[in-house]
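# Per-entry structural report
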Amino acid sequence: MLDDERALQDYREARLKELREKRARDRYGLVKDIDKADWTREVNDASQNTWVIVHMFQDSMVECQLMDEALKDLAARFKYIKFVRIKSTSAVEKWPDRNLPTLFMYNEGEAKDQIMTLNSLGGKSMKPENLEWALVERKVITDSELEYDPSTSEEALAAHLPRRLNPESRHIRRAKMHDDDSDDDDLLAYEP
C-alpha cells in the first residue's frame, strides 16, 4: 500500500513540474503590436530566451493582412514563440512596400533569418500551414504536426511515399508462415 501511495505522489509531483514548465514556456499566444521605441526590449532582449517573430506590415496591403491571419493562428498554437508586429514605416522610415510583408526571426538577441513577401509561401493563396512549414524548416517551430511541405503537389508527394497496393504497381502473392503449415497463417505479401 505504501508503495502505491509513494508512486502516486511521485506521479503527481512529476505532473505538476511538467505543468509549471509548460506554463513558463507557453507564455505568449497573441500577436503584439509594438512601436520603434519598444524594439530593443520586445525583440532583441526578449529573443535571449525564445524566438521572436517580427512582422513588418502596412494595413493597406492584402498580403500583410494574409500574414496577420497566419500569424494569429500560429501564435495561438505555438505559445512559446513571441510574435510581434510593427508598421514598416515606423520600424524603418523608407522600407519599401514591395518587400512587404517582411518577417524577421530573432533568437539569442540577433536576427537569424527573414522572409520577404509571400512569394516563397504560396503568394496570395498562402495558408497558415505554408508559414508554419517555413518556420519548421528554419527550426523556429519545434513541435509541428506537419510531416511535409503543404505546398507540395499530390503528384510530387506520391512519388516520395510508398506506392499503395494495386494490381498495376505490385504483384500480390500468398506467403505462408515458416513455423506452421496451417492455412490460417497465410498472409498477403507484396513484391515490388
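What comes next concerns the included structure. (Residues numbered from 1 in each chain as written. Predicted model: local features only at pLDDT ≥ 70, side-chain atom pairs only at ≥ 80, totals over all residues. Heavy atoms only, no water.)

Scanning the chain from N- to C-terminus turns up six helices and seven strands. Along the chain direction, N to C, the helices and strands of the chain fall in the order α-β-α-β-α-β-α-β-β-α-α-β-β. Taken across its 192 residues, the chain has 34% of its residues classed as buried. Residue pairs in contact within the chain that sit at least 24 positions apart in sequence constitute 60% of those at least 6 positions apart. (Helix = DSSP H or I, 4+ residues; strand = E, 2+ residues; numbered from the N terminus. Buried < 20%, exposed > 50% of the residue type's maximum accessible area, 1.4 Å probe, protein only. Contact = heavy atoms within 4.5 Å.)

Let us now look at the packing of aromatic side chains. Scanning all chains against the criterion turns up three aromatic pairs. Judged by centre distance (6.3 Å) and plane angle (85 degrees), the rings of phenylalanine 78 and tyrosine 80 are edge-to-face. As far as the burial class goes, phenylalanine 78 and tyrosine 80 line up, both buried. Judged by centre distance (6.0 Å) and plane angle (65 degrees), the ring pair of tryptophan 95 and phenylalanine 104 falls under edge-to-face. According to the relative accessible area criterion, tryptophan 95 is buried, its value standing at 17%. The aromatic ring of phenylalanine 57 is capped on one face by arginine 85, whose charged end is 3.8 Å from the ring centroid. (Phe/Tyr/Trp six-rings, centres within 6.5 Å; stacked < 30°, edge-to-face > 60°. Lys NZ or Arg CZ within 6 Å of the ring centre and 35° of its normal.)

Bringing the packing of helix 3 (residues 62–77) against helix 5 (residues 128–137) into the picture now. Following both chains from N to C, one finds helix 3 and helix 5 inclined at 65 degrees, their axes separated by 9 Å at the closest point. For the pair helix 3 and helix 5, the crossing hand works out as right-handed. The segment helix 3 lies against helix 5, with Met67, Ala70, Leu71, Asp73, Leu74 and Arg77 engaging Pro128, Leu131, Glu132 and Leu135. In the contact of helix 3 with helix 5, the residues fall into seven nonpolar, no polar and three charged. (Axes fitted to C-alpha atoms, helices over the stretch in contact; angles between N-to-C directions. Left-handed = near helix turned anticlockwise from the far one by under 90°. Nonpolar A, V, L, I, M, F, W, Y, C, P; charged D, E, K, R; others polar.)

Side chains on a regular strand alternate between the two faces of the sheet. Burial of strand 2 (residues 52–57) is extensive: six of the six residues sit out of reach of the surface. With burial as the criterion, each face of strand 2 is covered, one bearing Val52, Val54 and Met56 and the other bearing Ile53, His55 and Phe57. Pairing between strand 2 and strand 3 (residues 82–87): six bridges, direction parallel. Note that in strand 3 the partner of valine 54 across the bridge is valine 84. Looking at chain direction, strand 2 and strand 4 (residues 102–107) are connected through five bridges and run antiparallel. Across the sheet, the residue bridging to histidine 55 is leucine 103, located in strand 4. (Pairing = 2+ DSSP bridges.)

This next bit is on helix 3. In this model helix 3 runs 23 Å from its N-terminal to its C-terminal C-alpha over 16 residues, within 8% of the 22 Å that 1.5 Å per residue would give. Buried within helix 3 we find Cys64, Met67, Asp68, Ala70, Leu71, Leu74 and Ala75. Of the surrounding secondary structure, the elements contacted by the buried residues of helix 3 are strand 1 (31–33), strand 2, strand 3, strand 4 and helix 5. (Expected span 1.5 Å × (residues − 1).)

For serine 120, the location among the structural elements is in the loop between strand 5 (110–116) and helix 5. As for serine 120 and leucine 131, which are separated by eleven residues in sequence, their C-alpha atoms are 9.2 Å apart.

Before going further, it helps to examine unusual backbone geometry. Omega for the bond connecting leucine 100 with proline 101 falls within 30 degrees of zero, at -10 degrees, which places this linkage in the cis form. Relative to the helices and strands, proline 101 is located in the loop between helix 4 (88–91) and strand 4. With phi around 55 degrees, glutamate 108 is a residue other than glycine that occupies positive phi space. Structurally, glutamate 108 is set in the loop between strand 4 and strand 5.

In this structure, lysine 127 sits in the loop between strand 5 and helix 5. Since its relative accessible area comes to 47%, lysine 127 is described here as partly exposed. With 61 residues separating them in the primary sequence, lysine 127 and leucine 66 have C-alpha atoms 8.0 Å apart.

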